[in-house]
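# Observations on the three-dimensional arrangement
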Amino acid sequence: MSSPVPSATSAPSVSEPEVAVPPPVPTRAPRTWYFRGTTMFVLAIFAVYLLAQIAALIGWLWWHQIAPDSSEELHGLLRHGGLLGLAQIVACPFVLAALWIPIRIARQRFSDYLALRLPGRAELARGLAMILALLLAYYFLALALGEPIPPEFAIEIYRSARDSGWLIVLLIGLCVGAPVIEEFVVRGFMFRGWSQSFLGPAGAVVLSSVAWAAIHTQYDLFYMSEIFAIGLLLGYLRYRSGSTWLTVVIHGAVNAASMIEVAVVLANA
């Protein structure tokens, strides 16, 4: 008898080693700077703003070969409309860059954090109507109280810029540069952080308006109170519309109206 042929047996299967999958890296969620963080960064941004203005002043003195001999001469120079407009234009990109840093650290989009949303036509029309009513109310109040109309500071900067050929620089700085800087910082960055802190939206509107009025020391108390009232309205519009561009446009319109008023007064003087 022949011996049985052994059946072919398959080789034992070798399982592939399991590859360890690393755990997902946790991503840090976007954040908002609340009261303390917002205040700290606003002070730093204000320092950048002042340094940029000082740089503009030094450049102005070098260009015109001017060396002020007294504090009175320097004070008069600081009220030159051309220099004022130039300082706003020069400071604008530096302030925007300074704003970008804390927003980047917070892992937020620049436009989202500052509420850079274009307003609708109805929002713009309503905002312009409200600011017009407020300006008219203060105009008649100034008449009743015997306040100078327009304020002396506005006349000084307009006349000095016009007489030196720097009027267009003043208008760009005052109607574009200053509104972008101040609204991005106050109604954009400051309101965003403070409104989500213990202050709430109402407290943020009031406190930011106080701070905004306080930096306008070139005016007397009456016109500083008007700036405070304008700040309250701009803060309200920012809160209701969710658009900082709306307050930029209205702020620019207010400054443009101020320059038109000065031009009319000087033309009829």
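To be clear, the structure that these remarks concern was listed above.
Small disclaimer: the values here were computed from a predicted structure and weren't measured.

Conventions adopted
Residues numbered from 1 in each chain as written. Predicted model: local features only at pLDDT ≥ 70, side-chain atom pairs only at ≥ 80, totals over all residues. Heavy atoms only, no water. Core = buried A, V, L, I, M, F, W, Y, C linked by side-chain atoms within 4.5 Å. Buried < 20%, exposed > 50% of the residue type's maximum accessible area, 1.4 Å probe, protein only. Helix = DSSP H or I, 4+ residues; strand = E, 2+ residues; numbered from the N terminus. Contact = heavy atoms within 4.5 Å. Axes fitted to C-alpha atoms, helices over the stretch in contact; angles between N-to-C directions. Parallel < 35°, antiparallel > 145°, perpendicular 65-115°, else oblique. Nonpolar A, V, L, I, M, F, W, Y, C, P; charged D, E, K, R; others polar. Polar contact = N/O pair within 3.5 Å; in protein donor to acceptor, adjacent residues only side chain to side chain. Salt bridge = Lys/Arg side-chain N within 4 Å of Asp/Glu carboxyl O. Expected span 1.5 Å × (residues − 1).

## Concerning the nonpolar core
One finds Leu99, Leu114 and Phe189 to be the most contacted residues of the largest nonpolar core, which totals 45 residues. Every element with two or more residues in this core is listed here: helix 1 (35-64), helix 3 (81-105), helix 5 (121-145), helix 7 (167-195), helix 8 (200-214), helix 9 (221-241) and helix 10 (244-267). When residues of this core are assigned to their parent elements, the largest contribution, nine residues, is made by helix 7. Excluding residues within four positions of it along the chain, Leu99 makes contact with Ile45, Phe110, Leu114, Phe184, Val185 and Phe189. Counting residues in hydrophobic clusters, the runner-up holds twelve residues, among them Phe153, Ala154, Ile155 and Leu170.

## Points about the packing of helix 6 (residues 152-163) against helix 7
Across the interface, helix 6 lies against helix 7 with an axial gap of 7 Å and an inter-helix angle of 140 degrees. Taken together, helix 6 and helix 7 sit at an angle that is classed as oblique. Taken together, the residues of helix 7 that come into contact with helix 6 (itself represented by Ile157, Tyr158, Ala161 and Arg162) are Leu167, Leu170 and Leu174. A class-by-class count of the residues in the contact of helix 6 with helix 7 yields six nonpolar, no polar and one charged.

## Some thoughts on the side chain of Gln88
On the secondary structure map, Gln88 appears in helix 3. Its relative accessible area of 5% is what places Gln88 among the buried residues. Looking at Gln88, its side chain comes within polar contact range of the side chain of Tyr49, at 3.0 Å. The contact partners of Gln88, leaving out residues within four places of it in the chain, are Tyr49, Gln53, Gly173, Ala178 and Ile181.

## Thoughts on the pattern of salt bridges
One pass over the structure, following the stated rule, counts five salt bridges. A salt bridge links Asp112 to Arg109, with the nearest nitrogen and oxygen atoms 3.9 Å apart. With a relative accessible area of 43%, Asp112 lands in the partly exposed category. For Arg109, a relative accessible area of 57% translates into the label exposed. Arg162 is the salt-bridge partner of Asp163, the closest N and O atoms lying 3.1 Å from each other. By relative accessible area, Arg162 is classed as partly exposed at 39%.

## Description of the environment of Ala52
Position of Ala52 among the secondary structure elements: in helix 1. Ala52 sits 41 residues away from Pro93 along the chain, and the two C-alpha atoms are 9.5 Å apart. Residues in contact with Ala52, not counting those within four places in the same chain, are Val90, Ala91 and Phe94.

## Overview of unusual backbone geometry
Pro150 follows Ile149 through a cis peptide bond whose omega is -5 degrees. Following the sequence through the fold, Pro150 ends up in the loop between helix 5 and helix 6. Backbone geometry places Ala115, a non-glycine residue, at a positive phi of 55 degrees.

## A short note on helix 5
Counted at 1.5 Å a residue, the expected span for helix 5 with its 25 residues is 36 Å, and the 36 Å between its end C-alpha atoms agrees. When we look at burial in helix 5, the residues that qualify are Glu123, Gly127, Ile131, Leu134, Tyr138 and Ala142. Of the surrounding elements, those touching the buried residues of helix 5 are helix 9 and helix 10. Once helix 5 finishes, Gly146 follows within two positions and takes phi at roughly 75 degrees, a positive value.

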